[in-house]
Amino acid sequence: MSLPLAISLPSCNRTFVLVSDSCFLSSSSASKCLFNATMRIPMKSVHLFYLSLFSFSRPFTSRVPFHSDFRGNERRFHSLEPVRQRFDLVKFLEDLGGLGDSVVTIFDLQLNIKANHLSLPNISGANQFHARLPMDDIYRSANDKNSHLQLMTSSDGGQQPCIWSSPGGGHKIDIGKQIFCNRSLNMKNIVAVGFDMDYTLAQYKPETFESLCYEGTVKKMVHDLGYPPELLDWSFDSKYMVRGLVLDKKRGNILKMDRHKYVKLAYHGFREMCKEDKVDAYGSTLIRDAFDEPNYAVIDTLFSLAEAYLFAQLVDFMDKNPGKFPNGTDYARMYKDVRAGVDMCHRDGTLKQMVAMDPKRYINEDTSIVPMLKMLRESGRSTFLVTNSLWDYTNIVMNFLCGSHAPDGNGTCNFDWLHYFDVVITGSAKPGFFHDGNHANLFEVEPESGMLLNTDNGTPMPQMGNTSPRLLLNKKNKTTKVFQGGSVGHLHKLLSIESSSQVLYVGDHIYGDILRSKKVLGWRTMLVVPELESEVQLLWELRDRRKQLRLLRNERDLIEDQIHHLKWSFKFEDINTNEQQEISSRIHELESRRDQARLIYHEAEHNIHQKFHKAWGQLMKTGYQNSRFAHQVERFACLYTSHVSNLSLYSPDKYYRPSEDYMPHEFDIIPL
């Protein structure tokens, strides 16, 4: 049978998987169902076909879809019947100790409840249904081969990252390095690709860079703002805070919300708030709080993690030592002072001077950036850099990222990196840069001296009494222009952009980079989320537990439905005293099991979230709802990924397409 099938399908890169739910397949025969027939054709996407042989001798129904995809895209299989669910549940609960028996008892109860609606196979056949799908093996083998960025030999004998356009390009991409799509984007329509620098091209090391910011802020608060000297003994935990949190300046609370802006997790300083306290503070008002300025501050960039951690420390310290603060000092005043300290560190050069002296200590090296920029330019796209940093600091950082380095990490500071960009704009003052009504002056920067040359809509104009700009205009081989200030209108003219939709801008800041450029201009956007790489990998490892959580939730709901049905039967059914006692006893039993199911579910969910982060859980989730941060990513980022250099792993002409959206009423209706 395999020969005609192979002949009938086109000769291109395809992987075929035969997945059968028939209980008559043995483990040995199942292993033979996976075969691979491939011939690499460049610039073509890889597709996965599912050929399924179902045995319909018994109905297979389930309220719980099964998710599995080695590329990270969602697929749903509605082929798990209750007995197989029970077997999986037992396996899942082995780690929960004595709680397992209670859940299995609850599940067995539900099998009895649904017995009138389902034709169930024999319990003894449960093991036959718990067979790991070949998808797991496909993903694992692909990951083993591609878990590290593959290298190719360069012409000078060194090693450089393998990119799409290289002879080794077109490999399957590790799930942590994939680019995820919220809105269709055809790269063939993109004529210019722009980048932010800080935390986009330059990924700072939080344990050193953010500690530097933290220590500088503490010193300024003690020496300049009169805070207690005990603060100088504090230290910064770079792993405690996460993005997407909201600081309540008035109450001293730190909140994590879902996409509907409901507070799901809250800490007062470092003390977790109970449900009653959360409801009292945020759930008992007539008008819902918008959680916006001036009473709240959103931690939406990695630059803000240090100030959030310091704010939490100050809240705890003031609660325990109120007498050490001047009269009238409250939580809001403390946050204002923290912000002032951070701003002073940035303005007086405390941070950037230290980074400039030793970039390798504070910035992660990424040898994939130069090949990525070369690939984009060779594909016919313009490239540009728009950063809030000034020219002197920008030149140091970009030299570190794009320049040649000695074995000790040191390199010569020059302007060779400018060849990878058509336009560089420093000191852009984003997000104001993106406003069409912005009339900020544009200055051209003379790279060697850093002198600013006044311009008029991109046309160089010498400052009065200064003839040096004429020398600049006569220089040969000057292909890249460096500017400071200006607005997006200047940039469009410099790049001859006809339509905003022809621009793709890559940044790390939801509000500063993505929201404004997307909402105001209509630029296409890609958000860099460094935390995503480890989160996606962990999601894959915990996929079985996540499926079992869904199963527990559905079974809990079934028990509650039965309780409601029995309670209503008292009102609408003519039953005698004996039947009333029997129903009451039944309700009491179900309520006890419901409470057990709730406890087990919440403990299992809490354990899974702690795998991601001890305090805040999964970045993109709060419980089983998307977090506020995830909602912002979905709304404003056309694409999102863990590293900017992941662009080099895809064709520069790729058509990015999102997965299909599902409403709750479709979730269990449409099998895929």
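For clarity, every value in this text was computed on a predicted model and none was experimentally measured.

Caption draft 1: Structural view of the side chain of R243. For R243, the location among the structural elements is in the loop between α7 (206-223) and β11 (245-248). A polar side-chain atom of R243 sits 2.9 Å from the main-chain carbonyl oxygen of D508. One polar contact links R243 to E531, side chain to side chain, over a distance of 3.1 Å. Sequence-distant contacts of R243, that is, excluding residues within four places in its chain, are made with I299, D300, T301, L302, L305, D508, V528, V529, P530, E531, L619 and F629.

Caption draft 2: Just the packing of helix α19 (residues 543-572) against helix α20 (residues 577-612), in detail. In the contact formed by α19 and α20, the axes pass within 9 Å of each other and the chain directions differ by 160°. Looking at the two axes, α19 sits roughly antiparallel to α20. Of the two possible hands of crossing, α19 and α20 adopt the one that is left-handed. Grouping the amino acids of the contact of α19 with α20 by side-chain chemistry returns 13 nonpolar, 4 polar and 13 charged.

Caption draft 3: Spatial organisation of the packing of aromatic side chains. Evaluation of the coordinates by the stated rule reveals 31 aromatic pairs. Aromatic side chains F434 and W523 sit 5.5 Å apart centroid to centroid with 80° between the ring planes, which places their arrangement in the edge-to-face category. Here the residue F434 occupies a position in the loop between β17 (423-426) and β18 (442-445), and W523 occupies one in the loop between α17 (510-521) and β23 (524-528), the gap between them amounting to 89 residues. Both residues of the pair, F434 and W523, belong to the buried class. Linked through ring pairs, Y214, F236, Y240, Y267, F270, Y309 and W616 together constitute an aromatic cluster. The cationic tip of R543 hangs over the ring face of W540; the distance from NZ or CZ to the ring centre is 3.9 Å. In this arrangement the basic side chain of R556 is found over the ring face of Y601, its NZ or CZ atom lying 5.1 Å from the centre.

Caption draft 4: Molecular detail of the sheet that holds strand β13 (residues 263-268). As summarised here, the arrangement of the 5 strands in space is β14-β13-β12-β11-β15, forming an open sheet in which the pairing is antiparallel. Across the chains shown, the open sheet's two edge strands, defined by having one partner strand only, are β14 (271-272) and β15 (296-299). Bridge count between β11 and strand β12 (residues 253-257): 3 bridges; the pairing is antiparallel. What sits directly across from L247, in β12, is I254.

Caption draft 5: Region of the structure containing helix α13 (residues 369-378). For α13, the buried fraction is high: 7 of the 10 residues fall into the buried class. When we look at burial in α13, the residues that qualify are I369, V370, P371, M372, L373, M375 and L376. The positive-phi residue at the C-terminal boundary of α13 is G380, with phi of around 100°.

Caption draft 6: Molecular detail of the pattern of salt bridges. In this structure the tally under the stated criterion is 21 salt bridges. E533 is paired through a salt bridge with K177; the nearest N and O atoms lie 3.5 Å apart. In this pair, E533 is assigned in helix α18 (residues 532-541) and K177 in the loop between β7 (159-161) and β8 (180-181), connecting sequence segments 356 residues apart. For E533, a relative accessible area of 23% puts it in the partly exposed group. Of the residues examined, K177 reaches a relative accessible area of 16% and is grouped as buried. Across the pair D292 and R628 runs a salt bridge whose closest N-O atoms are separated by 4.0 Å.

Caption draft 7: Structural context of the environment of P229. Structurally, P229 can be placed in the loop between α7 and β11. Its relative accessible area of 55% is what places P229 among the exposed residues. Distance from P229 to V218, taken between C-alpha atoms, is 9.4 Å for residues 11 residues apart in sequence.

Caption draft 8: Summary view of unusual backbone geometry. In this model, E293 is joined to P294 through a cis peptide bond whose omega is 10°. Take P294: it is sitting in the loop between α8 (275-282) and β15. Going from K430 to P431, the amide bond is cis rather than trans, its omega being 5°. Within the fold, P431 resides in the loop between β17 and β18. Of note in this structure, S496 is not a glycine but carries a positive phi near 55°. Its location among the elements puts S496 in the loop between α16 (488-495) and β22 (503-507). With a relative accessible area of 59%, S496 lands in the exposed category.

Caption draft 9: How the structure looks around the pairing of β13. Burial of β13 is extensive: 5 of the 6 residues sit out of reach of the surface. Joining the antiparallel neighbours β12 and β13 is a turn of 5 residues, in which K261 adopts a positive phi near 65°. In this sheet, β14 lies alongside β13 in antiparallel orientation, the contact comprising 2 bridges. Bridging across to β14, H268 finds its partner in R271.

Caption draft 10: Region of the structure containing the side chain of R381. As for its placement among the helices and strands, R381 is situated in the loop between α13 and β16 (382-386). In terms of polar contacts, R381 uses its side chain to reach the backbone carbonyl oxygen of M187, at 2.4 Å. What R381 contacts, discounting residues up to four positions off in sequence, is M187, K188, I190, V191, A192, V193, L376, D422, P652 and D653.

Caption draft 11: Main features of the environment of K324. Its location among the elements puts K324 in the loop between α9 (305-320) and α10 (331-347). Accessibility expressed as a relative area gives 41% for K324, which makes it partly exposed. Distance from K324 to P228, taken between C-alpha atoms, is 6.7 Å for residues 96 residues apart in sequence. Apart from residues lying up to four places away in sequence, K324 is in contact with P228, E230 and F317.

Caption draft 12: Representation of the packing of α7 against helix α11 (residues 350-357) in the model. At a minimum axis distance of 10 Å, the contact between α7 and α11 shows a crossing angle of 140°. The interaxial crossing formed by α7 with α11 has right-handed handedness. On α11, the residues touching F209, L212, C213 and K220 of α7 are T350, L351, M354 and V355. Considered class by class, the residues forming the contact of α7 with α11 number 6 nonpolar, 1 polar and 1 charged.

Conventions used here
- Chains are numbered independently. Their residues run from 1 in the order of the written sequence.
- Given that this is a predicted model, residues contribute local features only at a pLDDT of at least 70 and side-chain atom pairs are listed and counted only at 80 or more, while totals for whole chains, interfaces and linings are drawn from all residues.
- In computing side-chain values, all of the structure's heavy atoms are included and hydrogens and water are not.
- Put simply, DSSP H or I for four residues or longer makes a helix, DSSP E for two residues or longer makes a strand, and each gets a number counted from the N terminus.
- Counted as a polar contact is a pair of N or O atoms within 3.5 Å, where, for protein atoms, one must be capable of donating a hydrogen and the other of accepting one, and residues adjacent in sequence contribute only when both atoms are in side chains.
- Should any heavy atoms of two residues lie within 4.5 Å, those residues are counted as being in contact.
- Fitted lines through C-alpha atoms give the axes, limited to the stretch in contact for helices. The angle between two N-to-C directions lies from 0 to 180 degrees.
- Angles below 35 degrees are treated as roughly parallel, those above 145 as roughly antiparallel, those between 65 and 115 as roughly perpendicular, and all remaining angles as oblique.
- Each helix crossing is assigned a hand: it is left-handed if the near helix lies turned anticlockwise from the far helix by less than a right angle, otherwise right-handed if that turn is clockwise.
- Residue classes follow a fixed rule: Ala, Val, Leu, Ile, Met, Phe, Trp, Tyr, Cys and Pro count as nonpolar, while Asp, Glu, Lys and Arg count as charged, and any other residue, Gly among them, counts as polar.
- Centre distance within 6.5 Å is the pairing criterion for rings of Phe, Tyr and Trp, where only the six-membered ring of Trp is used; planes under 30 degrees apart are then read as stacked, over 60 as edge-to-face, and the remainder as tilted.
- Relative accessible area decides the class of each residue, using a 1.4 Å probe on protein chains only: under 20% of the type maximum gives buried, over 50% gives exposed, and in between gives partly exposed.
- Placement of a positive charge over a ring is assigned whenever Lys NZ or Arg CZ falls within 6 Å of the ring centre and within 35 degrees of the normal to the ring plane.
- Strand pairing is assigned whenever DSSP detects at least two bridges linking the two strands.
- Here a salt bridge means any side-chain nitrogen of Lys or Arg lying within 4 Å of a carboxyl oxygen belonging to Asp or Glu.

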